[in-house]
Amino acid sequence: MFNLDSGHRYWLYSEPTDMRKSYYTLGGLVTNRMGGDPRNGDVYIFVNRRRNRVKLLHYEKGGMVIYSKMLDRGTFAMPTAWKGTAITSAIVWEDLRQMVEGILSDPDSRESRLEDLEGMWEY
């Protein structure tokens, strides 16, 4: 349970996704638009138009799992692989981790998030 790591394959969907979608509709995007199989153990990543919400669809032993994150402020900085014209881009675990944690180097998309993080370490 909750076992995402570098041993998985990660696929980033390049089109904005309605975050009201859930298991069946995200699985439909994987099958019909991305050409994948939502039950093959890969992790499929979806981001909304404003880039302040992300969902990961993943099949684990026993069923489907959705991981979801919504930012209070700022936007997710997208990995370099996302900039192409393909519907799906393969990314690595480190790209996903940096994207979700706000570590990528696009200052416009992460400035307000970094200010919040800096405030956390002040005692």
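Note: the structure precedes this text.
Residues numbered from 1 in each chain as written. Predicted model: local features only at pLDDT ≥ 70, side-chain atom pairs only at ≥ 80, totals over all residues. Heavy atoms only, no water.

Some thoughts on the overall build of the protein chain
Along its length, the protein chain carries three helices and five strands. Ordered by position from N to C terminus, the α and β elements of the protein chain give β-α-β-β-β-β-α-α. Here the analysis covers contacts within the protein chain between residues at least 6 apart in sequence; of these, 56% occur between residues at least 24 apart. Of the roughly 7700 Å² of accessible surface on the protein chain, a fraction of 51% belongs to carbon and sulfur atoms. (Helix = DSSP H or I, 4+ residues; strand = E, 2+ residues; numbered from the N terminus. Contact = heavy atoms within 4.5 Å. Areas by Shrake-Rupley, 256 points an atom, 1.4 Å probe, with all protein chains shown as cover.)

A few points about the pattern of salt bridges
In this structure the tally under the stated criterion is five salt bridges. A salt bridge links Glu 15 to Arg 33, with the shortest nitrogen-to-oxygen separation between them at 2.6 Å. Here the residue Glu 15 occupies a position in the loop between strand S1 (10-13) and helix H1 (23-32), and Arg 33 occupies one in the loop between H1 and strand S2 (43-47), the gap between them amounting to 18 residues. Linking Glu 94 and Arg 97 is a salt bridge whose minimum nitrogen-to-oxygen distance equals 2.5 Å. (Salt bridge = Lys/Arg side-chain N within 4 Å of Asp/Glu carboxyl O.)

Some details on the packing of aromatic side chains
One pass over the structure, following the stated rule, counts two aromatic pairs. Centre to centre, the rings of Tyr 10 and Trp 93 are 5.9 Å apart; their planes meet at 40 degrees, and the pair counts as tilted. Here Tyr 10 is found in strand S1, whereas its partner Trp 93 is found in helix H2 (residues 93-101), with 83 residues between them in sequence. (Phe/Tyr/Trp six-rings, centres within 6.5 Å; stacked < 30°, edge-to-face > 60°.)

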